[in-house]
Amino acid sequence: MLSGKTIIITGSSRGIGRELAVSFAKQGASIVLNGRSAIDPVLVEEVESYGVKTHIVIGDVQYFDQAEMLINEAKEVFGSVDVLINNAGITKDMLLMRMTEDDFDTVINVNLKGTFNTMKHASKVMLKQRSGMIINMASVVGLVGNAGQANYAASKAGVIGLTKSAARELSSRGITCNAIAPGYIGTDMTDVLSDKVKEQVSEQIPLRRMGTTEDVAKAAIFLATSPYITGQVINVDGGMVMNG
């Protein structure tokens, strides 16, 4: 169902983004890789080993013109923009009273404004196509908050509001917009945690383990192959946050 489709993945150099690139390649999709610095040649080789084409666009999506370049290059190279996955994101954790203005602004600019930038440019292409799917990477922190992450929680809550609003605006042209809210996922960011901290984290999760990047990728593939789901937030968190 995804064979020959063009998938843009922002922040695809490592962690969840890297897994998304490989997982969608396995589905036969053409992959547009994006990052603020050079993409690992090993990742490109792995993606292309599944017989698909890749295109790399180096750029920082928090900047409006660089986000536009990403979308335009994808359209020029592959002829369409079928799925946009906004995965690029950063953290600058600090208690509210110690958080600087720059700490707040930088996280908002990358996580929220970067998502807006790519969505705005991609929607122009998708509206003309009368088709397309947008998948935004939110977080359970955007749903329930977290001490020391006021900036990150605000950015991800904003992504959720942006997702729902875009879903209402774009649905009449056959475009869906959904979000994935991961919980604790095993990446290089969580690998630095001590075994004791990991154990404490797992005790908060009903399924008693942190998630994997594959868990998130499976949710993304589900949304990318579900044309009648829009405006939703899918938690991939082992049951940590259960919405009523």
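Residues numbered from 1 in each chain as written. Predicted model: local features only at pLDDT ≥ 70, side-chain atom pairs only at ≥ 80, totals over all residues. Heavy atoms only, no water.

Identification of the chain as 3-oxoacyl-[acyl-carrier-protein] reductase from Vagococcus vulneris is taken from an unreviewed UniProt entry. Its UniProt record, at the heading Sequence similarities (unreviewed entry), says of the chain: "Belongs to the short-chain dehydrogenases/reductases (SDR) family." Annotation of the chain in UniProt includes, under Subunit (unreviewed entry), the sentence "Homotetramer." (UniProt positions renumbered as here; feature names shortened; annotations may be inferred.)

Of the regular secondary structure elements, the chain holds nine helices and seven strands. Each of the three principal axes of the chain carries a C-alpha extent, and together these read 50 × 35 × 35 Å. Across the 244 residues that make up the chain, the buried fraction comes to 48%. Expressed as a percentage of contacts within the chain between residues at least 6 apart in sequence, the contacts between residues at least 24 apart total 71%. (Helix = DSSP H or I, 4+ residues; strand = E, 2+ residues; numbered from the N terminus. Buried < 20%, exposed > 50% of the residue type's maximum accessible area, 1.4 Å probe, protein only. Contact = heavy atoms within 4.5 Å.)

Let us look at a positive patch on the surface. Together, Lys75, Lys120, Lys124 and Lys128 line one region of the surface with positive charge. Looking at the positive patch element by element, the count peaks at three residues for helix H4 (residues 101-129). Examined against the element boundaries, Lys75 turns out to sit in helix H3 (residues 64-78). Residue classification places Lys75 among the partly exposed positions, given a relative accessible area of 35%. (Patch = residues over 30% accessible without salt bridge, like charges linked within 9 Å, V, L, I, M, F, W, Y side chains within 5 Å. Areas by Shrake-Rupley, 256 points an atom, 1.4 Å probe, with all protein chains shown as cover. Salt bridge = Lys/Arg side-chain N within 4 Å of Asp/Glu carboxyl O. Lys, Arg positive; Asp, Glu negative; His and termini not counted. Charge placed at Lys NZ, Arg CZ, Asp CG, Glu CD.)

Turning our eyes to something else, we now look at the UniProt feature "active site" (unreviewed entry) in the chain. As annotated in UniProt, the feature "active site" (unreviewed entry) corresponds to Tyr152 in the numbering used here. By the secondary structure assignment, Tyr152 is in helix H6 (residues 150-170). Taking the relative accessible area as the measure of exposure, Tyr152 reaches 15% and is therefore buried. Setting aside chain neighbours within four positions, we find Tyr152 in contact with Ile90, Thr91, Val107, Asn111, Ser139 and Val141.

Among the secondary structure elements, Asp60 is positioned in the loop between strand S3 (54-58) and H3. Polar contacts involving the side chain of Asp60 include one to the side chain of Gln62, which spans 3.0 Å. Look past the residues within four positions of Asp60 in its chain and what remains in contact with it is Arg36 and Gln66. (Polar contact = N/O pair within 3.5 Å; in protein donor to acceptor, adjacent residues only side chain to side chain.)

Moving on: the sheet that holds S3. Spatially, S3-S2-S1-S4-S5-S6-S7 is the arrangement adopted by the seven strands of the open sheet, whose pairing is parallel. A strand with exactly one partner marks an edge of an open sheet, and here the two such strands are S3 and strand S7 (233-236). Sheet twist, expressed as the mean angle between neighbouring strand axes with direction ignored, is 15 degrees. Sheet topology note: the strand S5 (residues 132-137)/strand S6 (residues 175-182) ladder contains six bridges and is parallel. (Pairing = 2+ DSSP bridges. Axes fitted to C-alpha atoms, helices over the stretch in contact; angles between N-to-C directions.)

Looking at soluble globular proteins, one finds that nonpolar side chains tend to be buried together. Core analysis: the biggest nonpolar cluster contains 32 residues, and Ile7, Leu20, Phe24, Ile31, Val47, Ile85 and Ile180 have the highest contact counts within it. Taken together, the elements giving at least two residues each to this core come down to strand S1 (6-9), helix H1 (15-26), strand S2 (30-35), helix H2 (41-48), strand S4 (83-86), S5 and helix H9 (213-224). The element contributing the most residues to this core is H9, with seven residues. Sequence-distant contacts of Ile85, that is, excluding residues within four places in its chain, are made with Ile7, Ile8, Ile9, Thr10, Leu20, Phe24, Ile135 and Met137. (Core = buried A, V, L, I, M, F, W, Y, C linked by side-chain atoms within 4.5 Å.)

The phi dihedral of Arg130 is positive, around 60 degrees, even though this residue is not glycine. One non-glycine residue with positive phi stands out, namely Arg208, at about 60 degrees. Secondary-structure assignment places Arg208 in the loop between helix H8 (195-203) and H9. Among the residues examined, Arg208 registers a relative accessible area of 54% and is labelled exposed.

Owing to its 3.6 residues per turn, the α-helix brings residues three or four apart onto one side. The first and last C-alpha atoms of H3 sit 22 Å apart over 15 residues, in line with the 21 Å expected at 1.5 Å per residue. Every buried residue belonging to H3 is among Ala67, Leu70, Ile71 and Ala74, and all of these are buried. Considered in projection along H3, the buried side chains sweep an arc of 85 degrees and stay on one side of the axis. Exposed positions of H3 whose direction lies more than 90 degrees from the buried face are Asp65 and Glu76. Next to the buried residues of H3 lie S1, S2, S3, S4 and H4. Phi turns positive one or two residues past the end of H3, at Gly79, with a value near 90 degrees. (Expected span 1.5 Å × (residues − 1). Arc of directions from axis to C-beta.)

As for its placement among the helices and strands, Phe78 is situated in helix H3. For the pair formed by Phe78 and Phe116, sequence separation is 38 residues and the distance between their alpha carbons is 22 Å. Apart from the residues within four sequence positions on either side, Phe78 is in contact with Thr6, Ser30, Ile31, Val32, Lys53, Thr54 and His55.

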